[in-house]
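Structure at a glance
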Amino acid sequence: MTPHWRNKELTIWKPPDLLTISEWAEKYRVLGPPSEEKGPLRLRRTPYMVPIMNTCLMPSVETIVLCKSAQVAGTEGMISILGYFSHQDPCPIMLILADEDTAIYMSTSRIRPMYENSPDLYPLVIPQEFTQKEITLANQTYIAMGWASSVAKLGSRPIKIVIFDEVDKPGYYVSTKEAAPISLGVQRTETFFNRKIFILSTPTLEEGNISKHLASSDVIYDWHIPCPFCGQYQPLRWSRKYSTEFEEGKYRAEDGTMHNLGEVVWEGGRDATQEQIEKARYKCGECGAMWNTVQKNQAVEQGKMVARTEIDFVPRKVGFHINRLYSLLGKSGNIPKLVNDWIDCQKAGDPRELQGFLNSALAVPWVEKGIKPTENKVLERRCELPPLVVPKEAVALTAGIDVQKHGFYFTVWAFSHDLESWLIQYGFLPTWEEVYDLVFDNAYQVQGTEQETRQIWRVAMDTGGGVGEEEGGISQTEEVYSWLRDNGRNVIWGIKGDARPRGQKIRHSIIDKMPGPRGQIIRGGLVIYLLDTSQLKEDFFWRLSNSDSDPQPMHLHNETGTDFAKHILAEEKRRNKKGQWEWVVIYRENHWLDASIYAHAAADPQWAGGVRVLRALKKPKLKEPPDKPDRPSDWFGSSGGKGWLR
Ligand SMILES: [Zn+2]
């Protein structure tokens, strides 16, 4: 009947196949470079993506929310949804990525190959209509490619299908005169009664976009998989601690009955040996049987989507949650590997690594307990230790000094090898002489002993930013530099806030001339540590919010007062206009916070190994200290690493 149609028209004008999106993807999508896999796309390794994609075709459903970990093929699913509508239901589509680079990469390296690698889709491509930011296909499908901060500029053409990817990235939080990027994008779809909005991301914080959208979904689905031993279908979860959305560790099965969640288990905890890690298993919540990775993976292939709650209405907004335990791709869902990663980030002593694991492996948001603590919360961290007493576990004392025009705010902290910390002393010193005495002519008693004492091992002193306030012709920075050069003795080090941290918390640098117009040369240079105070503050508040059983808990001495707590609460983390977090001073007196941050920096492994280099040192001997010289200069070697022992 259609002899005069060329193949190209046949392809383009063919009526829709009435396929589901997953069927369409397996029929038409052909993987090729840059994807590692080649040949027709197969969804057997990502079975949970099938119902997620196909939900887009349910007439009642308008918004699909996918909160996912990395490496579960979420992006591949997103591309299939875009491909399906562009091919089967020609209409205006908008794809919003986190930033311009990602948008260009997605357009040229993922979207374009989808059409070009497939003999059936290739005829849709009109080269001159296929740009990085706008695509018009031969069947009149229009695709606008944008990024979060550009949504307002993307014209006003109505859109039927809008996809927002990685909505927790900073680009989505840029503040402009217009509404937020997601609302703006959604507004563009209002003329279509059958619009579809797909929002996906790895979570970041609890108040991030994806967590908010997931929480406001009418219903949330999890992929339930059958226990190879008892057959009970259940969602895969890392542990009850990170499953707070399930009350009392129980989930609702498809038949409405409540059952216990399972979890990943291994012996040896944080100190597990490689052998113990290899024996990590998934423990069935129902019968307690231990599944190895192969058994877990086979069960994932037989899974089904089950709603967390019962619903008696037709949902318009449907949420899905997929963590990396479901991944069958490569080794990413391997149980011992995940345990290994978990132990690594527990040991790293960096809350960002822990956040990274929670976000990108467990797909759960990081709860910033530290953002708004109260004075009482801070003071709850007081322990039984009186001031000026060093706990037995401590391997070193560090001090932080915030230099002000009229004097010095200081804090002294004790650290264990594992970076557990104790506030030993805080106060204010009006003169340089008193600073010298605090560091070099002062010792603290060790808990439970009469003879044993410890001195301060390392001190971080603020040198002010650039040229300080002029006073009698000498800037504060110049004054601090000169004093440090004469009195630092490889114990007291200058520090400065790092304006361009380059991802490093602490950097070593050498200053070779004085600040200011005179710029006098400093012979031999002066070592200064550049601190990313924003990262260090995050570490600090994370430690403060940790309980005694968490890694690196922080303790305050039993006489710590509200004056100290007020300083600690003097700054608050807020989003700036560029969508990035920054610390804002809300109470002028923040000096003991700064001094505490500096003292913790001095103990940090990134500061020449920090207190961790002290592991090898022998326990101090319990004997009478040698006669104390007037000036303690002979106590300290140039290494600066042994002086605290006596
Ligand atoms: Zn079982």
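What comes next is a walk through the structure. (Residues numbered from 1 in each chain as written. Predicted model: local features only at pLDDT ≥ 70, side-chain atom pairs only at ≥ 80, totals over all residues. Heavy atoms only, no water.)

**Focus: the overall build of the protein**
If you tally the helices and strands in the protein, you get 17 helices and 32 strands. The burial tally for the protein puts 54% of its 646 residues in the buried class. With an accessible surface of roughly 29,600 Å², the protein has 50% of that area assigned to carbon and sulfur atoms. (Helix = DSSP H or I, 4+ residues; strand = E, 2+ residues; numbered from the N terminus. Buried < 20%, exposed > 50% of the residue type's maximum accessible area, 1.4 Å probe, protein only. Areas by Shrake-Rupley, 256 points an atom, 1.4 Å probe, with all protein chains shown as cover.)

**Here's the deal with the sheet that holds strand S22 (residues 444–446)**
As summarised here, the arrangement of the three strands in space is S18-S22-S23, forming an open sheet in which the pairing is mixed. Strands with a single pairing partner mark the edges of an open sheet, and in this sheet they are strand S18 (389–390) and strand S23 (453–454). (Pairing = 2+ DSSP bridges.)

**Some points on the nonpolar core**
In this structure, Ile111 and Tyr115 are the most contacted members of the largest nonpolar core, which totals 85 residues. Apart from the residues within four sequence positions on either side, Ile111 is in contact with Ile79, Leu82, Leu95, Met106, Phe130, Ile135 and Met145. Among the nonpolar cores identified, the runner-up in size contains 39 residues, and Met554, Phe564, Ile568 and Ala602 belong to it. (Core = buried A, V, L, I, M, F, W, Y, C linked by side-chain atoms within 4.5 Å. Contact = heavy atoms within 4.5 Å.)

**Regarding the coordination of the zinc ion**
Of the protein atoms, only Cys227 (SG), Cys230 (SG), Cys284 (SG) and Cys287 (SG) coordinate the zinc ion, at distances of 2.3 to 2.4 Å. For the zinc ion, the four donor atoms in the first shell make angles of 106 to 115° at the metal, a pattern classed as tetrahedral. Of note, the donors binding the zinc ion are all from one chain and are spaced C-x2-C-x53-C-x2-C. You can see Cys230 sitting in the loop between strand S9 (219–226) and strand S10 (233–235) and its partner Cys284 sitting in the loop between strand S14 (281–283) and strand S15 (290–291), a full 54 residues away along the chain. The exposure class of Cys284 is buried, given its relative accessible area of 2%. (Donors = N, O, S within 2.8 Å, 3.2 Å for Na, K, Ca; no water. Tetrahedral: all angles 85-135°; square planar, octahedral: opposite > 155°, others 65-115°.)

**Concerning helix H10 (residues 335–348)**
With 14 residues, H10 should reach 20 Å at 1.5 Å per residue; the first-to-last C-alpha distance of 20 Å fits that figure. Listing the buried residues of H10 in full gives Ile335, Pro336, Leu338, Val339, Trp342, Ile343, Cys345 and Gln346. Turning to H10, the residues buried within the fold contact strand S13 (263–265), helix H8 (274–278), S14, S15, helix H9 (293–301) and helix H11 (351–360). Sitting at the head of H10, Asn334 places a side-chain oxygen 3.0 Å from the backbone nitrogen of Lys337. One or two positions beyond H10, positive phi appears at Gly349, with a value near 70°. (Expected span 1.5 Å × (residues − 1). Polar contact = N/O pair within 3.5 Å; in protein donor to acceptor, adjacent residues only side chain to side chain.)

**Brief notes about the packing of aromatic side chains**
Throughout the structure, instances matching the rule amount to 25 aromatic pairs. An angle of 90° between the planes, with centres 5.2 Å apart, marks the rings of Tyr84 and Phe85 as edge-to-face. You'll find Tyr84 and Phe85 in the same group, each marked buried. Relative to Trp592, the ring of Tyr409 lies with its centre 5.6 Å away and its plane at 80°, an arrangement referred to as edge-to-face. Residue Tyr409 is found in strand S20 (residues 407–415), and its partner Trp592 is found in helix H17 (residues 591–603); the two are separated by 183 residues along the sequence. Residue Tyr409 is classed as buried on the basis of its relative accessible area, which comes to 11%. A cation sits over an aromatic face here: Arg112 above Phe130, 4.8 Å from the ring centre. Stacked on the ring of Tyr142, the Lys or Arg Arg157 has its end atom at 3.8 Å from the ring centre. (Phe/Tyr/Trp six-rings, centres within 6.5 Å; stacked < 30°, edge-to-face > 60°. Lys NZ or Arg CZ within 6 Å of the ring centre and 35° of its normal.)

**Quick word on the packing of helix H4 (residues 74–88) against helix H5 (residues 100–116)**
Relative orientation of the contacting elements H4 and H5 amounts to 55°, with a least axis distance of 11 Å. If you check the angle between H4 and H5, you find them oblique. Regarding H4 and H5, the two cross each other, and that crossing is right-handed. Contacts between H4 and H5 involve Thr75, Glu76, Met78, Ile79, Leu82, Gly83 and Ser86 on the former and, on the latter, Met106, Arg110, Ile111, Met114 and Tyr115. (Axes fitted to C-alpha atoms, helices over the stretch in contact; angles between N-to-C directions. Parallel < 35°, antiparallel > 145°, perpendicular 65-115°, else oblique. Left-handed = near helix turned anticlockwise from the far one by under 90°.)

**Points about unusual backbone geometry**
In this model, Gln140 sits at a positive phi of 80°, which is unusual for a non-glycine residue. Within the fold, Gln140 resides in the loop between strand S5 (134–136) and strand S6 (142–147). Given the relative accessible area of 60%, Gln140 is considered exposed. With phi around 60°, Asn490 is a residue other than glycine that occupies positive phi space. Tracing the backbone shows Asn490 in the loop between helix H14 (476–487) and strand S27 (492–497).

**Considerations on the pairing of S20**
The element S20 is extensively covered by neighbouring structure, given that nine of its nine residues are classed as buried. For strand S19 (residues 396–404) and S20, the ladder comprises nine bridges, and the chain directions are antiparallel. Bridging from a neighbouring strand, Leu397 pairs with Ala414 of S20. The hairpin turn running from S19 into S20, its antiparallel successor, is two residues long. Direction of pairing for S20 relative to strand S21 (residues 421–429): antiparallel, over a ladder of eight bridges. When the sheet's bridge partners are listed, Phe415 is paired in S21 with Ser421. What sits between S20 and S21 in their antiparallel hairpin is a turn of five residues, with Leu419 showing a positive phi close to 70°.

**Section: the pairing of S9**
In terms of residue burial, S9 counts as a mostly covered element, since seven of its eight residues are buried. Note: S9 against strand S17 (residues 317–322), four bridges, orientation parallel. Residue pairing in the sheet places Ile220 in a bridge with Gly319 of S17. The pairing of S9 with strand S16 (residues 304–307) spans four bridges and is antiparallel. Paired with Asp222 across the strands is Val306, a residue of S16. Here S9 folds back onto S10 in antiparallel fashion, the turn holding six residues, of which Gly231 has a positive phi close to 85°.

**So, the environment of Glu207**
Along the chain, Glu207 turns up in the loop between strand S8 (196–201) and helix H7 (209–215). Classification of Glu207 by relative accessible area gives partly exposed; the value is 35%. Each C-alpha atom, one on Glu207 and one on Val367, is 8.5 Å from the other, the two residues being 160 residues apart in sequence.

**Quick notes on the pattern of salt bridges**
Across all of its chains, the model carries 26 salt bridges by this definition. Among the salt bridges present, the one from Glu301 reaches Arg45, with a minimum N-O distance of 3.5 Å. Here Glu301 is found in helix H9, whereas its partner Arg45 is found in the loop between strand S2 (39–40) and helix H3 (49–55), with 256 residues between them in sequence. Here Asp89 makes a salt bridge to Lys160, at a shortest N to O gap of 2.8 Å. Of this pair, Asp89 sits in the loop between H4 and strand S4 (92–97) while Lys160 sits in the loop between S6 and strand S7 (161–165), placing them 71 residues apart in sequence. A relative accessible area of 27% places Asp89 in the partly exposed class. What makes Lys160 buried here is its relative accessible area of 8%. Among the charged side chains, a salt-bridge network with shared partners connects Arg352, Lys505, Glu538, Asp539, Lys573 and Asp604. (Salt bridge = Lys/Arg side-chain N within 4 Å of Asp/Glu carboxyl O.)

Keep in mind that these numbers describe shape and distance, not what the molecule does.
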